[in-house]
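If you want the building blocks of each chain, they are given just below.
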Amino acid sequence: MNLDRTDAPRVYLETYGCQMNIADSETIRAILRRAGYAWVKRPEDADAILINTCAIREHAEERVLGRLGDLARLKHRRPEIKLGLLGCMAQHNRAALVEQAPYLDLVAGPDSYRRLPELLGRAAFDPAVDVRLDRGETYSGIAPDHSGGVRAYVTVMRGCDKFCAFCVVPYVRGRERSLAPADVIAQVREVAARGAKEVVLLGQTVNAYRVGDAGFAELLRMIARVEGIERIRFTSPHPADMRDEVIDAMASEPKVQPYLHLPVQSGSDRVLSAMDRGYTVGEYLDLVARLRRAIPALALSTDIIVGFHGEDDRDFDATLELMRTVGYDSAFTFKYSLREHTRAFKLGDTVSDDEKARRLAAAIALQERISLERNRAAVGATFAALVEGPARRGEGMLAGKTPQFKTAVFPATSGIGVGDTVMVRVESATAHSLRCSLA
Ligand code: SAM
Ligand code: SF4
């Protein structure tokens, strides 16, 4: 279909959740653009409104339900608008959603995006529901509409086979599958041609990537040969899949940056085992030691869940202790949220919401202190910063990322632009950024 822009049906798309969802939205855009749809920036201007959703915690779902209420009012005024819910929440709540939100015209899970043009066409009287999970769907052959900029995200594997007891991802995103190396390389070349300097490889367990003989280490080495790409990052690796070959590739390929987001979840062996994470605290610490030996400049961040089923004060203290021992550069901390379908759902909650809030505040306060300490230790050192744009705060300042993925803020100077790499010296530090001069 080759519609004139003015005749083309207009779509508005809103995205919630993780980086993977943002990348999925770029795939959705490419699929609908090919089918002749045009994009609008405001829901009021659209013929179809799509929301790409997250189901990881209850709070994420509540936000989407609130937003759906607003959009339903718009649809009430203009009933011809089609309203569609996509992604993890569509997969997670399919049946309930059609009842809770009867005004939805379309419900489509993460493996159904190729069929979106057909589903949008079909959604006339009854809602079109497509939540089939497809073990083979990698969206191969579809070049996502990357939004441009210095950094581009490329999904290299989808789904997850780990089934951690708390997590809904394997149920809503299906089983693990990897995109063929040739498809990955084609996407990386394309984003490089559009001016991206940094590529971030995405997957729920990205280091479990495998197609035939090519594992994640081989993939990193292949991408390192793509011209124009200066920096390579990836997220999230699973500690149990962090093989020596991957550590070697990180250490020996200069384009692979010395930063790793390595989710630990808990510092208690008892809790890790109940979560079914597949490693002990000792094994995790051993991995951290091997990584730091191989990559001395490495920065580490993590994910932590507080208040999982059965977590007592001693378990939580062990988590704080682990945070101190590792000395993470930053951490994402979450209150445990009971998710239907997961194994831990049946076990219920044993920690009250107040207590979860107390533990969360304690973990955040500790991390702030550790981040500040680590950033202050960088004062006086020089780093190569990849310029991303004007700093959010500070007139006449630019912001960029160091190899360790820390935000460096430095004076804008003529001749320095977005996408350049400049040497900066750290003058002072907060827990969240480095104030620098040009070195
Ligand atoms: N695959 C990644 C891993 O295992 O490291 C994480 C993917 S998940 C989108 C991001 C984070 O959300 C997890 O690392 C975990 O800390 C958190 N999370 C997942 N399920 C949760 C739940 N039921 N309650 C609270 N946090 C949760
Ligand atoms: Fe969820 Fe665990 Fe898979 Fe991460 S590894 S997506 S936490 S099941």
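Our structure's up above, just so we're on the same page.
1. A few points about the sheet that holds strand S2 (residues 38-39)
Strands sit in the order S2-S1-S3-S4-S5-S6 across an open sheet of six strands; the sheet is parallel. The outermost strands of the open sheet, each flanked by one partner alone, are S2 and strand S6 (128-130). Relative to S6, strand S5 (residues 106-108) runs parallel, the two sharing three bridges. Bridge pairing in S6 links Val107 to Val129. Across the sheet, helix H2 (residues 58-77) lies against strand S1 (10-15), strand S3 (48-53) and strand S4 (82-87), angled at about 160° from S4, the strand it touches most. Sheet strands in contact with helix H3 (residues 88-100) are S3, S4, S5 and S6, and its direction is about 130° off that of S4.

2. Considering the sheet that holds strand S7 (residues 151-155)
Strands belonging to one sheet form pairs held by backbone hydrogen bonds; the direction of such a pair is parallel or antiparallel. If you trace the three strands from one edge of the open sheet to the other, you get S7-S10-S13, paired in parallel fashion. Looking at which strands have only one partner, the edges of the open sheet turn out to be S7 and strand S13 (231-235). Pairs of neighbouring strands in the sheet enclose a mean axial angle of 25°, with direction left out of account. Bridging between S7 and strand S10 (residues 198-202) involves five bridges; their strand directions are parallel. In the sheet register, Arg151 faces S10, and the bridge partner there is Glu198. Relative to S7, helix H1 (residues 19-34) is tilted by about 85°, and along the sheet it contacts S7 and S10.

3. Section: the site of ligand 2
Close to ligand 2 lie Cys160, Lys162, Phe163, Cys164, Phe166, Cys167, Val169, Pro170, Gln204, Thr205, His238 and Arg277. Its residues placed into classes, the shell around ligand 2 shows seven nonpolar, three polar and two charged.

4. A short note on the nonpolar core
Core analysis: the biggest nonpolar cluster contains 56 residues, and Leu201, Phe234 and Leu291 have the highest contact counts within it. For this core, the leading source of residues is helix H7 (residues 216-224), giving six residues. Residue contacts for Phe234: discarding those within four places in its chain leaves Val200, Leu201, Val206, Phe216, Leu220, Met242, Met250, Val256 and Leu260.

5. As for the site of ligand 1
Every one of the 15 residues lining ligand 1 counts as a neighbour, but Gln204, Pro263, Gln265, Asp303 and Ser337 are closest to it. In the environment of ligand 1, a nitrogen atom lies 3.2 Å from a nitrogen or oxygen atom belonging to the side chain of Arg57. Within the contact set of ligand 1, an oxygen atom lies 3.1 Å away from a side-chain nitrogen or oxygen of Arg277. Relative to its free-state accessible area of 570 Å², ligand 1 is covered by the protein chains to the extent of 91%. For the shell around ligand 1, the secondary structure elements donating two or more residues are strand S15 (299-306) and strand S16 (330-335). For the shell around ligand 1, the class distribution of residues is six nonpolar, four polar and five charged.

Here is what the cut-offs are and how they apply
- Residues numbered from 1 in each chain as written.
- Chains lettered and ligands numbered in written order.
- Predicted model: local features only at pLDDT ≥ 70, side-chain atom pairs only at ≥ 80, totals over all residues.
- Heavy atoms only, no water.
- Pairing = 2+ DSSP bridges.
- Helix = DSSP H or I, 4+ residues; strand = E, 2+ residues; numbered from the N terminus.
- Contact = heavy atoms within 4.5 Å.
- Axes fitted to C-alpha atoms, helices over the stretch in contact; angles between N-to-C directions.
- Near = heavy atom within 4 Å.
- Nonpolar A, V, L, I, M, F, W, Y, C, P; charged D, E, K, R; others polar.
- Core = buried A, V, L, I, M, F, W, Y, C linked by side-chain atoms within 4.5 Å.
- Buried < 20%, exposed > 50% of the residue type's maximum accessible area, 1.4 Å probe, protein only.
- Polar contact = N/O pair within 3.5 Å; in protein donor to acceptor, adjacent residues only side chain to side chain.
- Areas by Shrake-Rupley, 256 points an atom, 1.4 Å probe, with all protein chains shown as cover.

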